[in-house]
Amino acid sequence: MQHPRTSTTAPAHRPRPARPDRRTGRGTLRGSGRLAALAAAVTAVVGLTMLGGPAAHGADNPYERGPAPTESSIEALRGPYAVSETSVSRLAVTGFGGGTIYYPTSTADGTFGAVAVSPGYTGTQSSISWLGPRLASQGFVVFTIDTLTTLDQPDSRGDQLLAALDYLTRSSSVRGRVDATRLGVMGHSMGGGGSLEAAKTRPSLQAAIPLTPWNLDKTWPEIKTPTLIVGADGDTIAPVATHAEPFYSALPSSLDRAYLELNGATHFTPNTSNTTIAKYSISWLKRFIDNDTRYEQFLCPLPRPSLTIEEYRGNCPHTS
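Residues numbered from 1 in each chain as written. Predicted model: local features only at pLDDT ≥ 70, side-chain atom pairs only at ≥ 80, totals over all residues. Heavy atoms only, no water.

## Focus on the overall build of the protein chain
Formally: Every helix listed is a DSSP run of H or I at least four residues long, and every strand listed is a run of E at least two residues long, numbered separately from the N terminus. Think of it in three bands: with a 1.4 Å probe and only protein chains considered, a residue is buried below 20% of the maximum accessible area for its type, exposed above 50%, and partly exposed in between. Here, residues are in contact when the closest pair of their heavy atoms is within 4.5 Å. Note on areas: Shrake-Rupley, 1.4 Å probe, and residue coverage restricted to the protein chains presented here.
The secondary structure content of the protein chain amounts to eight helices and 11 strands. Relative to its full complement of 320 residues, the protein chain shows a buried share of 49%. Within the protein chain, residue pairs in contact and separated by at least 24 positions form 68% of the contacts whose partners lie at least 6 positions apart. Here the protein chain has roughly 15,600 Å² of accessible surface; of this, 56% comes from carbon and sulfur atoms.

Put into structure tokens, the structure is as follows:
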């Protein structure tokens, strides 16, 4: 940001003598005295404006990134940040199968929160790769990972998500761009079940978003991470009645939690670009990883059923 130029000092003027006011007989301020009073008034107004302006709001929340959101901005294919990416070989890491890191190209805004994303059973990172640039362009570092084997179960995928976050914050080439205190996890199918496992294991995570999740464990009272569970009304592999809905219901009632059921969707809907998934994922991550209450408007009041939303449940207002 450019700073205002400093004005050169104007030549000094001798103040004119005070001239009696014809009505009161009192002297009136003239010359530099009048200018000084005017300058003081302007300074006071500017000071009040700055106290109530964007700078003060940003100071209240140092993690806030990007311009004020709108409905169209969170539904857009790309957000305000240009995105770069770097590949991570599975041979260069331990505990997971490598992947791709997507990150805002500019460093002007400082560090960003980060999210690791796992694919589902038999899937690879290509099945969830669309989330990388879409989320990163909104102001996150996103790590879409491959798992050690495509058959890994949810508990293993949870461990691998955490290993990926550890690599991202400690060893990766972009570690200087990541705030290690502001991390989240996402995943599809068994990767979604894995994101619940990761949140259970590491309560310090700021957000979790399981997408059409699958897990044999149906109870999650230990989770302390704000969690948005996304189910699909037409899911026959992880039907919401035996997976997404019980997972949501088993989360502590005091937790910031939400259940979004997609309308006209299947188990594999999260594998392709989807505006509804993106819109609410961005809002959830912004609200809880960045503490950015500007996104609360998209989560509270609760979204109503629509052409793309079968059902939405949750607690409002959020308290985290």
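Additional details are given in the paragraphs that follow.
## Here's the deal with the nonpolar core
Short version of the rule: Here, the term nonpolar core denotes a set of buried Ala, Val, Leu, Ile, Met, Phe, Trp, Tyr and Cys residues that are joined through side-chain atoms within 4.5 Å.
Formed by 39 residues in total, the largest nonpolar core has its most connected members in Phe96, Ile101, Val141, Phe143 and Leu168. Looking at this core, the elements with two or more residues in it are strand S4 (99-104), strand S5 (112-118), strand S6 (140-145), helix H5 (154-170), strand S7 (178-188), helix H6 (190-201) and helix H7 (244-250). The greatest single-element share of this core, amounting to seven residues, is contributed by H5. Membership of the second largest hydrophobic core comes to 35 residues, among which are Phe140, Ala207, Ile277 and Tyr312.

## A word on the state of the cysteines
Inclusion rule: Any pair of cysteine sulfurs within 2.5 Å is marked as a disulfide.
Summed over all chains, the structure comprises one disulfide. Sulfur-sulfur distance for the disulfide between Cys300 and Cys316 comes to 2.0 Å. Of note, the bridge from Cys300 to Cys316 carries an S-S torsion of about -85° and is left-handed in sense. Of the two residues, Cys300 sits in the loop between helix H8 (275-289) and strand S11 (309-314) while Cys316 sits in the segment after S11, which places them 16 residues apart along the sequence. Judged by its relative accessible area of 13%, Cys300 is buried. Taking the relative accessible area as the measure of exposure, Cys316 reaches 36% and is therefore partly exposed.

## Examining the packing of aromatic side chains
Cut-off, in case you're wondering: What counts as a ring pair is set by centres within 6.5 Å for rings of Phe, Tyr and Trp (its six-membered ring), and what kind of pair is set by the plane angle: stacked under 30 degrees, edge-to-face over 60, tilted for all other angles.
Counting across every chain of the model gives nine aromatic pairs. Considering the side-chain rings of Trp220 and Phe247, the 6.4 Å spacing of their centres and the 90° angle between planes classify their relative orientation as edge-to-face. Separated by 27 residues along the polypeptide, Trp220 in the loop between strand S8 (207-211) and strand S9 (227-232) and Phe247 in helix H7 bring together distant segments of the chain. The class for Trp220 is buried, based on a relative accessible area of 0%. Judged by its relative accessible area of 0%, Phe247 is buried. Taken together, the aromatic side chains of Phe96, Phe143 and Tyr167 make up a single cluster linked through ring pairs.

## Brief notes about H5
Applied cut-off: Any helix carries an expected span of 1.5 Å times its number of residues minus one.
Taking 1.5 Å of rise per residue, the 17 residues of H5 would be expected to cover 24 Å, and the 24 Å separating its terminal C-alpha atoms lies within 8% of that figure. Buried residues dominate H5, accounting for 13 of its 17 residues.

## Remarks on the confidence of the model for the protein chain
The condition that has to hold: pLDDT: the predictor's confidence for each residue, scored from 0 to 100.
The share of residues in the protein chain with pLDDT of 70 or more is 82%, and the mean pLDDT across the chain is 87. Averaged pLDDT values over the elements of the protein chain bottom out at 36 in strand S2 (residues 27-28) and peak at 99 in S8. A low-confidence stretch, residues 1-58 stays under pLDDT 50, and its non-local contacts, those more than four residues away or across chains, total 21 contacts.

## Focus on the pattern of salt bridges
Opposite charge on two side chains permits pairing when their charged atoms draw close. Defined as follows: What makes a salt bridge here is a side-chain nitrogen of Lys or Arg within 4 Å of a carboxyl oxygen of Asp or Glu, nothing more.
This structure, assessed with the given rule, holds 14 salt bridges. A salt bridge links Lys200 to Asp217; its shortest N-O distance comes to 4.0 Å. With Lys200 in helix H6 and Asp217 in the loop between S8 and S9, this pair connects stretches of sequence that are 17 residues apart. Across the pair Arg287 and Glu296 runs a salt bridge whose closest N-O atoms are separated by 2.8 Å. Residue Arg287 shares its accessibility class with Glu296, and that shared class is buried.

## Things to note about H8
Two residues of an α-helix separated by three or four positions point the same way, owing to the 3.6 residues in each turn. Here H8 is 15 residues long and its end C-alpha atoms lie 20 Å apart, about the 21 Å a rise of 1.5 Å per residue gives. Burial runs high along H8: 14 of the 15 residues are buried. Remark: Asn291 follows H8 within two positions and exhibits a positive phi of approximately 55°.

## Looking at the sheet that holds S8
This is how it is decided: Paired strands, as defined in this entry, are two strands with at least two bridges between them according to DSSP. What counts as an axis is a line fitted to C-alpha atoms, over the stretch in contact for a helix, and the angles between N-to-C directions run from 0 to 180 degrees.
One open sheet accounts for nine strands, arranged S3-S4-S6-S5-S7-S8-S9-S10-S11; its pairing is mixed. Each edge of the sheet is formed by a strand with only one pairing partner; in this case those strands are strand S3 (83-88) and S11. Going from strand to strand, the sheet's axes swing by 15° on average, the running direction of each strand aside. Pairing geometry for S8 and S9, over two bridges, is parallel. Considered in S9, the bridge of Ala208 is made with Thr227. Most of the contacts of H6 go to S7, to which it runs at about 145°, and overall it touches S5, S7, S8 and S9. Set on the sheet, H8 makes contact with S5, S6, S7, S8, S9, strand S10 (257-262) and S11; between it and S8 the angle comes to about 160°.

## Focus on unusual backbone geometry
Put simply, Cys300 and Pro301 share a cis peptide bond, and its omega is 0°. Residues Cys316 and Pro317 are joined by a peptide bond in cis, for which omega reads -5°. Residue placement: Pro317 occurs in the segment after S11. Residue Ser189 is not a glycine yet carries a positive backbone phi of 60°. Along the chain, Ser189 turns up in the loop between S7 and H6. For Asn291, which is not glycine, the phi dihedral falls at a positive 55°. Checked against the element boundaries, Asn291 lands in the loop between H8 and S11.

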